[in-house]
Amino acid sequence: MSTIGIRGTFFDFIDDPWKHIGREQDAARFHADGLLVVQDGVIADFGPYGQLAPKHPGLEITHIKDRLILPGFIDGHIHLPQTRVLGAYGEQLLPWLNKWVFPEEVKYKDRDYAREGVTRFFDTLLASGTTTCQAFTTTFKVTTEELFEEASRRNMRVIAGLTGIDRNAPDYFVDTADNFYRDTVELIGRYHRNGRNLYAITPRFAMGSSEEMLARCEQLKKEYPDCWVNTHISENPAEIRTLLDLHQDCTDYLGVYEKYGLVGPKFSGGHGVWLSNDEFRRMSRKGAAVVFCPCSNLFLGSGLFRLGRATDPNCRVRMSFGSDMGGGNRFSLLATLDDAYKVGMCNNTLLDGSVNPGHQDLAEAERNKLSPYRGFWSVTLGGAEGLYIDDLLGNFDPGKEADFVALDWNGGPMAMSWHQSLAYEGEGPATVEEAANLLFGIMMVGDDRAVDETWIMGKRLYKKS
Ligand code: GUN
Ligand code: ZN
């Protein structure tokens, strides 16, 4: 058995800050000088250093100084084979897929090409502070195999699955529903709950799925109810129109997934930009999750996700945040928080009743604002709740897996270290509010340079050079 201690300044969450509007710090937990005790990769004890250290005599302790230590970030929606499509110019969703994405993803048929992409994918995740992701792969089995193999080598928790598409894509890219079913069954058998791997039945999106494909997904979920379901939902107006033409018996996008029994716990739909109030209500009732992907929604011009509506306490929807890389033009969830904050602020202009009397909704406007508490909860504990993995990770509770990130509050452009260090005269934060202020600086001004170290199951896998 191996037991180690990490000493430093810790910040995590014990509750959802949207439930504590006005006193969000009550949802957070802060130890200016804390100790995390890790036994075989799992948290055994956590608390103030002064109280805990005497309980663990002889503990080998690593002291991480001048950093804020948070649970590792959770990316609820990312595309492994789009690592080389970052920043592709000029198109909205459907032409972007055809022009840039399918021609790149087809190259992942080749195992060597896939392996190189997978290595760079995980290297970049770790350098971004992301320790867990829910990932799309491609329609070719090798890509999914390579992803799970590499995640296992790094001992990282991932949710992923063969990504099915059998219509509305070029011939060279589509699969058949039967192949998808057969390959998925085989991959579930090999990888689901093997080490830290979790399997998601993954119809790419309803517009790319025939009735047979969706029926196969329904069958898979019935046969393997422990598996996740990962897909896209209501992202782009042209996509939605095409889909509803194909399903004249459905009144909205969610209805198509409901028709095939896919919507419930462990279902997550990326984007949800155009979800109606009624769709939000149904997702809330059924325990399904939406994944907010602001970098992508802005980059592809999909629209402004209604954060304040998704967080309505009367029909609260489970929610993770995702980079949607390469629809999103950044890997970093810090960049996701930056854009999420701006989306919320723009939504509040739409809700401003001074221009359109009747549009005003002060409570929704307040919920649209992404405070540092809401932001960092969303990429840690909240993200884990959205994916139904909060029993495993998301904060520093004993029993959870010890994945964490050490953030340098001076890491970013030159102006950042100047303004952040002035705030505390070079000292670390002494209170939860001071820590939250630094975190807001990191999410709005910082970038990858703020990620100094990333640890997986109590082992340091990344250190900024
Ligand atoms: N819908 C179907 N496929 C994709 C994809 O690769 N990216 C995004 N953003 N939306 C999709
Ligand atoms: Zn996506």
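These remarks concern the structure in this document. (Residues numbered from 1 in each chain as written. Chains lettered and ligands numbered in written order. Predicted model: local features only at pLDDT ≥ 70, side-chain atom pairs only at ≥ 80, totals over all residues. Heavy atoms only, no water.)

**Here we look at the overall build of the protein chain**
Stage number 1. Summing up its helical and strand segments, the protein chain has 17 helices and 16 strands in all.
Stage number 2. Here the C-alpha radius of gyration of the protein chain, 22 Å, is about what a compact globule of 465 residues would show, namely 23 Å.
Stage number 3. Once the C-alpha set of the protein chain is aligned to its principal axes, its extents read approximately 65 × 60 × 40 Å.
Stage number 4. In the protein chain, buried positions account for 61% of the 465 residues. (Helix = DSSP H or I, 4+ residues; strand = E, 2+ residues; numbered from the N terminus. Rg over C-alpha atoms; globule rule 2.2 N^0.38 Å. Buried < 20%, exposed > 50% of the residue type's maximum accessible area, 1.4 Å probe, protein only.)

**A closer look at the packing of aromatic side chains**
Stage number 1. With the rule as written, the count across this model stands at 23 aromatic pairs.
Stage number 2. Their ring planes at 90 degrees and their centres at 5.3 Å tell us that Tyr 108 and Tyr 113 sit as a pair that is edge-to-face.
Stage number 3. A residue is classified by how much of its surface remains accessible, and Tyr 108, at 0% relative accessible area, is buried.
Stage number 4. Among the aromatic residues, those joined into a cluster by ring pairs are Phe 11, Phe 13, Phe 30 and Tyr 373.
Stage number 5. Directly above the aromatic system of Tyr 388 lies the positively charged group of Arg 318, at a separation of 3.9 Å from the ring centroid. (Phe/Tyr/Trp six-rings, centres within 6.5 Å; stacked < 30°, edge-to-face > 60°. Lys NZ or Arg CZ within 6 Å of the ring centre and 35° of its normal.)

**A closer look at the site of ligand 1**
Stage number 1. Around ligand 1 sit His 79, Gln 82, Leu 93, Trp 96, Leu 97, Arg 204, Phe 205, His 232, Glu 235, His 271 and Asp 324, and that is every residue in its neighbourhood.
Stage number 2. Between ligand 1 and Arg 204 there is a distance of 2.7 Å, counted from an oxygen atom to a side-chain nitrogen or oxygen.
Stage number 3. Within the side chain of His 271, a nitrogen or oxygen atom sits 3.4 Å from a nitrogen atom of ligand 1.
Stage number 4. For ligand 1, the accessible surface in isolation is 280 Å², of which the surrounding protein chains cover 100%.
Stage number 5. Looking at the shell around ligand 1 element by element, the count peaks at three residues for helix α2 (residues 93-105). (Near = heavy atom within 4 Å. Polar contact = N/O pair within 3.5 Å; in protein donor to acceptor, adjacent residues only side chain to side chain. Areas by Shrake-Rupley, 256 points an atom, 1.4 Å probe, with all protein chains shown as cover.)

**Section: unusual backbone geometry**
Negative phi characterises most residues that are not glycine, and trans characterises most peptide bonds.
Stage number 1. Across the junction of Met 325 and Gly 326, the peptide omega takes the value -5 degrees, indicating a cis bond.
Stage number 2. Mapped onto the elements, Gly 326 comes out in the loop between β13 (318-321) and α12 (333-350).
Stage number 3. Even without being glycine, Asp 66 reaches a positive phi, approximately 60 degrees.
Stage number 4. With respect to the helices and strands, Asp 66 occurs in strand β4 (residues 60-71).
Stage number 5. Despite not being glycine, Arg 193 has its phi angle at roughly 60 degrees, a positive value.

**A look at the pairing of strand β9 (residues 197-203)**
Stage number 1. Of all seven residues in β9, seven are buried; the element is thus mostly enclosed.
Stage number 2. Of the two faces of β9, the one holding Asn 197, Tyr 199, Ile 201 and Pro 203 and the one holding Leu 198, Ala 200 and Thr 202 are both buried throughout.
Stage number 3. Two elements, strand β7 (residues 158-161) and β9, share three bridges in a ladder whose sense is parallel. Pairing of Ile 159 across the sheet is with Leu 198, part of β9.
Stage number 4. One ladder, built from two bridges, connects strand β8 (residues 163-164) with β9; its direction is parallel. Bridge pairing in β9 links Thr 163 to Thr 202.
Stage number 5. What joins β8 to β9 is helix α5 (residues 177-191), and the crossover it makes is right-handed.
Stage number 6. Relative to strand β10 (residues 228-233), β9 is paired through two bridges, and the arrangement is parallel. Bridge pairing links Ile 201 to Val 229 in β10.
Stage number 7. With helix α6 (residues 211-223) bridging β9 and its parallel neighbour β10, the resulting β-α-β unit is right-handed. (Pairing = 2+ DSSP bridges. Right-handed = clockwise from strand over helix to strand, strands pointing away.)

**Structural notes on the pattern of salt bridges**
Stage number 1. Evaluation of the coordinates by the stated rule reveals 49 salt bridges.
Stage number 2. Among the ionic pairs, Asp 226 bridges to Arg 193, the shortest N-O distance being 2.6 Å. Taken together, the positions of Asp 226 in the loop between α6 and β10 and Arg 193 in the loop between α5 and β9 put the pair 33 residues apart, joining distant regions of the chain.
Stage number 3. According to the relative accessible area criterion, Asp 226 is partly exposed, its value standing at 31%.
Stage number 4. The residue Glu 401 makes a salt bridge to Arg 196 at a minimum N-O spacing of 2.5 Å. Of this pair, Glu 401 sits in the loop between α15 (381-386) and β14 (404-407) while Arg 196 sits in the loop between α5 and β9, placing them 205 residues apart in sequence. Each member of the pair, Glu 401 as well as Arg 196, is classed as buried.
Stage number 5. Residues joined by salt bridges that share partners form a network here, namely Arg 67, Asp 408, Asp 452, Glu 453, Arg 460, Lys 463 and Lys 464. (Salt bridge = Lys/Arg side-chain N within 4 Å of Asp/Glu carboxyl O.)

**Brief notes about the sheet that holds strand β15 (residues 451-456)**
Stage number 1. The seven strands lie next to each other as β3-β2-β1-β4-β14-β15-β16, forming an open sheet whose pairing is mixed. Each having just a single partner strand, β3 (42-48) and β16 (459-463) make up the two edges of the open sheet. Sheet twist, expressed as the average angle between the axes of neighbouring strands with direction ignored, equals 35 degrees.
Stage number 2. Of the strand pairs in this sheet, β4 and β14 are connected by four bridges, and their pairing is antiparallel. Looking at β14, one finds that Leu 70 is bridged to Val 405. (Axes fitted to C-alpha atoms, helices over the stretch in contact; angles between N-to-C directions.)

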